[in-house]
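Topology and contacts: notes
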Amino acid sequence: MYYTFPMDTPRSGKTRVTSVSLRAETLEAIRARAGKQGVSSYIEEAVQRQLQREAIDEYIAAAEAEHGPVDPAEVSDKAERIRAHHAAHRGESAPADAA
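Residues numbered from 1 in each chain as written. Predicted model: local features only at pLDDT ≥ 70, side-chain atom pairs only at ≥ 80, totals over all residues. Heavy atoms only, no water.

**Examining the pattern of salt bridges**
Basically, it comes down to this: Between Lys or Arg on one side and Asp or Glu on the other, a salt bridge is scored when a side-chain nitrogen of the former is within 4 Å of a carboxyl oxygen of the latter. Remark: exposure states derive from per-residue accessible area (1.4 Å probe, protein chains only) relative to the maximum for the residue type, with buried under 20%, exposed over 50%, and partly exposed in between. For helices the rule is a DSSP run of H or I covering at least 4 residues; for strands it is a run of E covering at least 2, with both sets numbered from the N terminus onward.
By the definition in use, this model includes two salt bridges. For Glu 25, the salt bridge goes to Arg 23, with nearest N and O atoms at 3.5 Å. The exposure class of Glu 25 is partly exposed, given its relative accessible area of 49%. The exposure class assigned to Arg 23 is exposed, which follows from its relative accessible area of 58%. For the salt bridge of Glu 80 with Arg 83, the shortest nitrogen-to-oxygen distance reads 3.3 Å. Of this pair, Glu 80 and Arg 83 both sit in helix α3 (residues 72–90), separated by three residues, roughly a single helical turn. Judged by relative accessible area, which is 29%, Glu 80 ranks as partly exposed. The exposure class assigned to Arg 83 is partly exposed, which follows from its relative accessible area of 49%.

**What to know about the confidence of the model for the protein chain**
In low-pLDDT regions, the fine details of the predicted coordinates are not to be read closely. In plain terms, the rule: Confidence of the predictor at the level of single residues is given by pLDDT, which spans 0 to 100.
Across the protein chain, pLDDT averages 86, with 81% of residues at or above 70. For the protein chain, per-element mean pLDDT is lowest for α3, which scores 94, and highest for helix α1 (residues 24–34), which scores 97.

**Side note on the packing of α1 against helix α2 (residues 39–67)**
So the rule is basically this: Angles shown run from 0 to 180 degrees and are taken between the N-to-C directions of axes, each axis being a line fitted to C-alpha atoms and, for helices, limited to the stretch in contact. Each angle receives one of four descriptions, namely roughly parallel if under 35 degrees, roughly antiparallel if over 145, roughly perpendicular if within 65 to 115, and oblique otherwise. Two residues form a contact once any of their heavy atoms are found within 4.5 Å. Under the convention adopted here, Pro, Cys and the residues Ala, Val, Leu, Ile, Met, Phe, Trp and Tyr are nonpolar, Asp, Glu, Lys and Arg are charged, and Gly plus all remaining residues are polar.
Viewed as axis vectors pointing N to C, α1 and α2 meet at an angle of 100 degrees, and their least axial separation amounts to 9 Å. On the basis of the axis angle, α1 is roughly perpendicular to α2. Side by side, α1 and α2 meet where Leu 27, Ile 30, Arg 31, Arg 33 and Ala 34 of the first sit next to Val 39, Tyr 42 and Ile 43 of the second. Its residues assigned to classes, the contact of α1 with α2 comprises six nonpolar, no polar and two charged.

**Brief notes about a nonpolar patch on the surface**
Put simply, the rule is: Note that patches include only residues with greater than 30% relative accessible area and no salt bridge, and the join distances are 9 Å for like charges and 5 Å for nonpolar side chains (Val, Leu, Ile, Met, Phe, Trp, Tyr). Using a 1.4 Å probe, the Shrake-Rupley method yields the accessible areas, and only the shown protein chains count as cover for residues.
On the surface, a nonpolar cluster with roughly 330 Å² of combined accessible area is contributed by Ile 56, Tyr 59 and Ile 60. Its location among the elements puts Ile 56 in helix α2. The class of Ile 56 is partly exposed, set by a relative accessible area of 46%.

**Here's the deal with the environment of Ile 60**
Position of Ile 60 relative to the elements: it lies in helix α2. Taking the relative accessible area as the measure of exposure, Ile 60 reaches 40% and is therefore partly exposed. With 10 residues separating them in the primary sequence, Ile 60 and Val 70 have C-alpha atoms 9.4 Å apart.

Written as structure tokens, this is what we have:
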């Protein structure tokens, strides 16, 4: 499993130097956003997020292979219940039947 760290936390573990080719516009955009964090840290965090997404996709695929596909209506219902729960705890109004 892969983890991300807050931008101001030094990364632990070994690092290795590698060469990566990026389009000039992409590198300029990274440099503009990375700031003090630096290009390497920015790219490291982006890659870690992608690896997490892929691991989640694999987990979902394995669960669906074992249990069948998820019912979209059930997902919507549970998502609405979660939103209502959070809204209630923030003091916002929520639909009465959503809890």
